[in-house]
Amino acid sequence: MVTLVIEKDPTDERATLLAFVEAQRGALRRSVLGLTEEQAARKPSASEMSPAGLLKHVVEVEEGWVHRAQRLPELHRTPETWADSFRLLDGESVAGVLARWEEVAEETARFIHSVPSLSDTFPLPDAPWFPPGSSVSMRWLLLHLVEELARHAGHADVIRESQDGRTALELVAESRGD
């Protein structure tokens with residue numbers, strides 16, 4: 001019942017890192033398993049986070065980092081629109097966000113497999129929390145995605161259990177048909 005990332009080929013670092021990213025994606029996808037749109041949008045704690053909002057946020061984050069690494073335009077959030085990254089707006093749905101995430105995940109894998117080396121770098125954004133003028137590797141990008149997704153998967157676990165008592169392990173079993 002426990003999810004475990006198994007290396008299929010210990011010499012394929014890209015596939016291993018992408019498998020860890022995918023494992024965390026799975027945890028977030030399972031947080032909405034069996035929920036209605038209304039349930040997925042609920043915020044059962046003092047936090048502004050909901051399972052649906054967390055899904056939207058991680059999709060934006062993954063796409064943003066991959067676009068940055070590719071030097072493509074990124075979605076720009078302002079202080080006024082930041083909260084919109086954590087909630088579904090009119091016309092958005094859990095199914096739509098999940099479908100978008102499939103596209104983003106495919107783009108991530110295509111890009112990572114296309115770079116000559118995981119040691120290739122790209123510049124970090126200008127932000128107070130990053131050293132000015134610094135760059136990071138594609139390896140860092142994948143590890144950062146694991147970090148970001150895992151952090152929010154933990155939030156999603158707590159929120160889901162607060163809503164209906166369903167634990168992550170129960171949702172893993174359900175998703176596998178156990």
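Anyway, here's the lowdown on the structure attached to this text. (Residues numbered from 1 in each chain as written. Predicted model: local features only at pLDDT ≥ 70, side-chain atom pairs only at ≥ 80, totals over all residues. Heavy atoms only, no water.)

**Description of helix α6 (residues 168–176)**
When we look at burial in α6, the residues that qualify are L171, V172 and A173. On the buried face of α6, the contacting elements are α1 (13–30) and α5 (138–164). Looking one or two places after α6, you find G177, whose phi comes out positive at around 80 degrees. (Buried < 20%, exposed > 50% of the residue type's maximum accessible area, 1.4 Å probe, protein only. Helix = DSSP H or I, 4+ residues; strand = E, 2+ residues; numbered from the N terminus. Contact = heavy atoms within 4.5 Å.)

**Notes on the packing of α1 against helix α4 (residues 94–114)**
Look at α1 against α4: their axes get within 11 Å of each other, and the N-to-C directions meet at 170 degrees. With respect to α4, the element α1 is oriented roughly antiparallel. For the pair formed by α1 and α4, the contact residues are R14, L18, R25, L28 and R29 on the first element and L98, W101, A105, T108, A109, I112 and H113 on the second. Taken together, the residues of the contact of α1 with α4 break down into 7 nonpolar, 2 polar and 3 charged. (Axes fitted to C-alpha atoms, helices over the stretch in contact; angles between N-to-C directions. Parallel < 35°, antiparallel > 145°, perpendicular 65-115°, else oblique. Nonpolar A, V, L, I, M, F, W, Y, C, P; charged D, E, K, R; others polar.)

**Details of the packing of α1 against helix α3 (residues 51–70)**
With their axes 10 Å apart at the nearest point, α1 and α3 run at an angle of 155 degrees to one another. For the element pair α1 / α3, the angle class is roughly antiparallel. When you trace α1 past α3, the crossing you get is left-handed. Across from R25, L28 and R29 in α1, the residues of α3 making contact are L54, L55, V58 and E62. The residue makeup of the contact of α1 with α3, split by class, is 4 nonpolar, no polar and 3 charged. (Left-handed = near helix turned anticlockwise from the far one by under 90°.)

**Concerning the nonpolar core**
Counting 41 residues, the largest nonpolar core has L28, W65, W101, F111, I112, M138 and L141 as the members making the most contacts within it. When residues of this core are traced back to their parent elements, those giving at least two are α1, α3, α4 and α5. Residue contacts for M138: discarding those within four places in its chain leaves A69, F111, I112, V115, S117, L118, D120, T121 and F122. (Core = buried A, V, L, I, M, F, W, Y, C linked by side-chain atoms within 4.5 Å.)

**Some thoughts on the pattern of salt bridges**
All told, the structure shown has 13 salt bridges when counted by the stated rule. Of the charged contacts, one joins D84 and R87 as a salt bridge, the two residues approaching to 2.7 Å between their closest N and O atoms. Owing to a relative accessible area of 16%, D84 belongs among the buried residues under this scheme. Between R160 and D164 there is a salt bridge, and its shortest N-O distance comes to 2.9 Å. With R160 and D164 both in helix α5 and 4 residues apart, this pair spans about one turn of that helix. Classification of R160 by relative accessible area gives buried; the value is 2%. A relative accessible area of 38% means that D164 is categorised as partly exposed. (Salt bridge = Lys/Arg side-chain N within 4 Å of Asp/Glu carboxyl O.)

**Observations regarding the environment of K43**
You can see K43 is positioned in the loop between α2 (37–41) and α3. Using a relative accessible area of 37% as the deciding quantity, one classes K43 as partly exposed. Distance in space between the C-alpha atoms of K43 and G165 is 14 Å, their sequence separation being 122 residues. Those residues in contact with K43 that lie beyond four places of it in its chain are E48, M49 and S50. Side chain to side chain, K43 and E48 meet in a polar contact 3.2 Å long. (Polar contact = N/O pair within 3.5 Å; in protein donor to acceptor, adjacent residues only side chain to side chain.)

**Structural notes on the environment of V94**
Structurally, the position occupied by V94 is in helix α4. For V94, a relative accessible area of 10% gives the class buried. Along the chain, V94 and L55 lie 39 residues apart, while their C-alpha atoms are 7.9 Å from each other. Excluding anything up to four places from it in sequence, V94 contacts V32, E37, A40, A52, L55 and L88.

It is worth stressing that arrangement in space is one thing and function is another; only the former is reported here.
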